[in-house]
Amino acid sequence: MIEALAARSIRALHAGAYDDAIINEAIDHAYGVDWQLVRDGTYFVAAIAGSVVGAGGWSYRQTIAGAHGPDDPPANLLSPVADAARIRAFYVDPDYARRGVGVLLLSASERAALDMGFTRAELTATLPAVPFYAAYGYEPAGRYDLALPSGRLLELRLMTKRLILPA
Ligand SMILES: CC(C)(COP(=O)(O)OP(=O)(O)OC[C@H]1O[C@@H](n2cnc3c(N)ncnc32)[C@H](O)[C@@H]1OP(=O)(O)O)[C@@H](O)C(=O)NCCC(=O)NCCS
């Protein structure tokens, strides 16, 4: 279900930002769900009238990006003192884009990371998602190219933010 949502979201909201070949390959090999987040209880869904309209979460593990299956071994843990929590795998149903679903999921993720003692968050943003994260206080921190099986590169942006407990 989340994989289908991710594919729908990417196809509609990435059009024009990447070429079709990259989008198709990335849907098959890079986007989707990191099942470790589900196992860790750090992946959230947003639902309206019982229908899932968005998903996104965070991680206290070292994996930077990409989908990972239910049987993949868990990645090593990050340290809340030394490392930034990772914001991961945000997908909003295109029919519900720009209605605050993404921010709802991002706020929940940041709050959960703060509750675990993290004071910084970082992420790899798709190019069309950069304005979304920037609107929510994330600053550019460089470029990250994710290698796809064909050898082509999915161009992403590293972004970072200091987390502060709401007053
Ligand atoms: C990025 C994404 C998760 C944003 O979700 P969303 O629910 O549409 O975002 P929100 O409605 O919460 O947006 C909050 C604010 O972020 C900014 N924003 C969001 N999308 C934007 C866009 N495409 N361009 C410019 N600003 C944007 C705006 O300031 C917006 O507030 P406004 O609508 O009142 O102007 C969604 O576009 C998406 O799923 N994209 C495809 C998948 C993807 O690339 N995910 C990111 C992986 S790193």
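What comes next is a walk through the structure. (Residues numbered from 1 in each chain as written. Predicted model: local features only at pLDDT ≥ 70, side-chain atom pairs only at ≥ 80, totals over all residues. Heavy atoms only, no water.)

1. Considering helix 4 (residues 101-115)
Each turn of an α-helix holds 3.6 residues, which means side chains three or four residues apart point in the same direction.
Logical step 1: An ideal rise of 1.5 Å per residue puts 21 Å on 15 residues; helix 4 measures up with 21 Å between its terminal C-alpha atoms.
Logical step 2: Among the residues of helix 4, those classed as buried are Val101, Gly102, Leu105, Leu106, Ser109, Glu110, Ala113 and Leu114.
Logical step 3: Those residues of helix 4 that are buried are in contact with strand 1 (43-48), strand 2 (51-59), strand 3 (85-92), helix 5 (130-135) and strand 6 (153-162). (Helix = DSSP H or I, 4+ residues; strand = E, 2+ residues; numbered from the N terminus. Expected span 1.5 Å × (residues − 1). Buried < 20%, exposed > 50% of the residue type's maximum accessible area, 1.4 Å probe, protein only. Contact = heavy atoms within 4.5 Å.)

2. Regarding the sheet that holds strand 4 (residues 120-126)
Logical step 1: The strand order across the open sheet built from 6 strands is 1-2-3-4-6-5, with neighbouring strands paired in mixed fashion. The open sheet has two edge strands with one neighbour each: strand 1 and strand 5 (139-147). Each adjacent strand pair in this sheet contributes to an overall mean axis angle of 25°, direction not counted.
Logical step 2: As paired strands, strand 3 and strand 4 are joined by 2 bridges and run parallel to one another. When the sheet's bridge partners are listed, Arg86 is paired in strand 4 with Glu122.
Logical step 3: Along the sheet face, helix 1 (residues 2-13) touches strand 1, strand 2 and strand 3 and points at about 80° away from the line of strand 3. (Pairing = 2+ DSSP bridges. Axes fitted to C-alpha atoms, helices over the stretch in contact; angles between N-to-C directions.)

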